[in-house]
Amino acid sequence: ARGMLEDRAVGDVAMLPLKDARSLLFRLYAAGVVSLRQVAKRTDFAPASIIFLWFVDDDTLAEQARLGVVSAIHRLRVRRRAELRKLDEVKAARERSACGDGAAAAFADKEGAILLGIDRLDAASVHVEDTLAALQRWAADGEGRMATVLAGDDDDEPSG
């Protein structure tokens, strides 16, 4: 875990008003990105004597990031399957209809638009899967080199 900070200190570091810092911290806490530790100033544990310290656990952060990327991959695959079903429906409708040149062109336009969408989903999937690979390398590395790994500036791999 990194250094623990009070909400005021987090706000100062992030250059946010205290109200905004607290709101952001609670959203991050709900998302599982940051953790909270309660430290009592006195032994009676009175609420007024408790200090709340916020911190980031690197392993938890890496796991949350990984889960988010895996979820994105899943959603892209589900969407791609839906687009393929749509394409099959358009092809079946084209085959069922006895259409002239105008209708055939309309079906071709629909098919082209769906195929373009599928190509874009495939490209997005490649990028998201690359992100997952980078996260896994970062987590395995243990040195927190996320920025260099994602930027492709990793010295461990030959470029090209």
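Residues numbered from 1 in each chain as written. Predicted model: local features only at pLDDT ≥ 70, side-chain atom pairs only at ≥ 80, totals over all residues. Heavy atoms only, no water.

1. Some thoughts on the environment of Leu 76
Mapped onto the fold, Leu 76 is located in helix α3 (residues 58-96). Since its relative accessible area comes to 16%, Leu 76 is described here as buried. Remark: the alpha-carbon pair of Leu 76 and Asp 122, spanning 46 residues in sequence, is separated by 8.3 Å. (Helix = DSSP H or I, 4+ residues; strand = E, 2+ residues; numbered from the N terminus. Buried < 20%, exposed > 50% of the residue type's maximum accessible area, 1.4 Å probe, protein only.)

2. Notes on the pattern of salt bridges
Counted by the stated rule, this structure contains 7 salt bridges. For Asp 122, the salt bridge identified is with Arg 80, shortest N-O distance 2.5 Å. Linking Asp 122 in helix α4 (residues 101-141) with Arg 80 in helix α3, this pair joins segments that are 42 residues apart in sequence. The exposure class of Asp 122 is partly exposed, given its relative accessible area of 27%. Look at Arg 80 and you get partly exposed, because its relative accessible area is 29%. Within this structure, Arg 79, Glu 83 and Lys 86 form a network of salt bridges that share partners. (Salt bridge = Lys/Arg side-chain N within 4 Å of Asp/Glu carboxyl O.)

3. Observations concerning helix α1 (residues 7-14)
Every buried residue belonging to α1 is among Asp 7, Val 10 and Gly 11, and all of these are buried. End-on, the buried residues of α1 take up no more than an arc of 100°, which puts them together on one face. For α1, the exposed residues set more than 90 degrees away from the buried face come down to Arg 8, Asp 12 and Val 13. The elements touched by buried residues of α1 are α2 (18-30) and β2 (50-55). (Arc of directions from axis to C-beta. Contact = heavy atoms within 4.5 Å.)

4. A closer look at the side chain of Asp 7
As for its placement among the helices and strands, Asp 7 is situated in helix α1. Here Asp 7 falls in the buried class, since its relative accessible area comes to 14%.

5. Overview of the confidence of the model for the protein
Interpretation of the predicted coordinates at a detailed level should be avoided for regions scoring low in pLDDT. For the protein, per-residue confidence averages 82 on the pLDDT scale, and 84% of positions sit at 70 or higher. Across residues 145-152, confidence stays below pLDDT 50; counting only partners more than four residues off in sequence or on other chains, it has 12 contacts. The model gives residues 156-160 a pLDDT under 50, and that stretch makes 2 contacts with residues more than four places away or in other chains. (pLDDT = per-residue confidence, 0-100.)

6. Examining the nonpolar core
If you look at soluble globular proteins, the nonpolar side chains tend to sit buried side by side. Counting residues in each nonpolar core, the largest one holds 10 residues, listed as Ala 62, Val 69, Ala 72, Ile 73, Leu 76, Leu 121, Val 128, Leu 132, Leu 135 and Trp 138. The set of elements that each furnish at least two residues to this core consists of α3 and α4. In this structure, Ala 62 is in contact with Trp 138 and Ala 139, ignoring residues within four places of it in sequence. (Core = buried A, V, L, I, M, F, W, Y, C linked by side-chain atoms within 4.5 Å.)

7. Structural notes on unusual backbone geometry
Phi is positive for Met 15, which is not a glycine, with a value near 55°. Tracing the sequence through the fold places Met 15 in the loop between α1 and α2.

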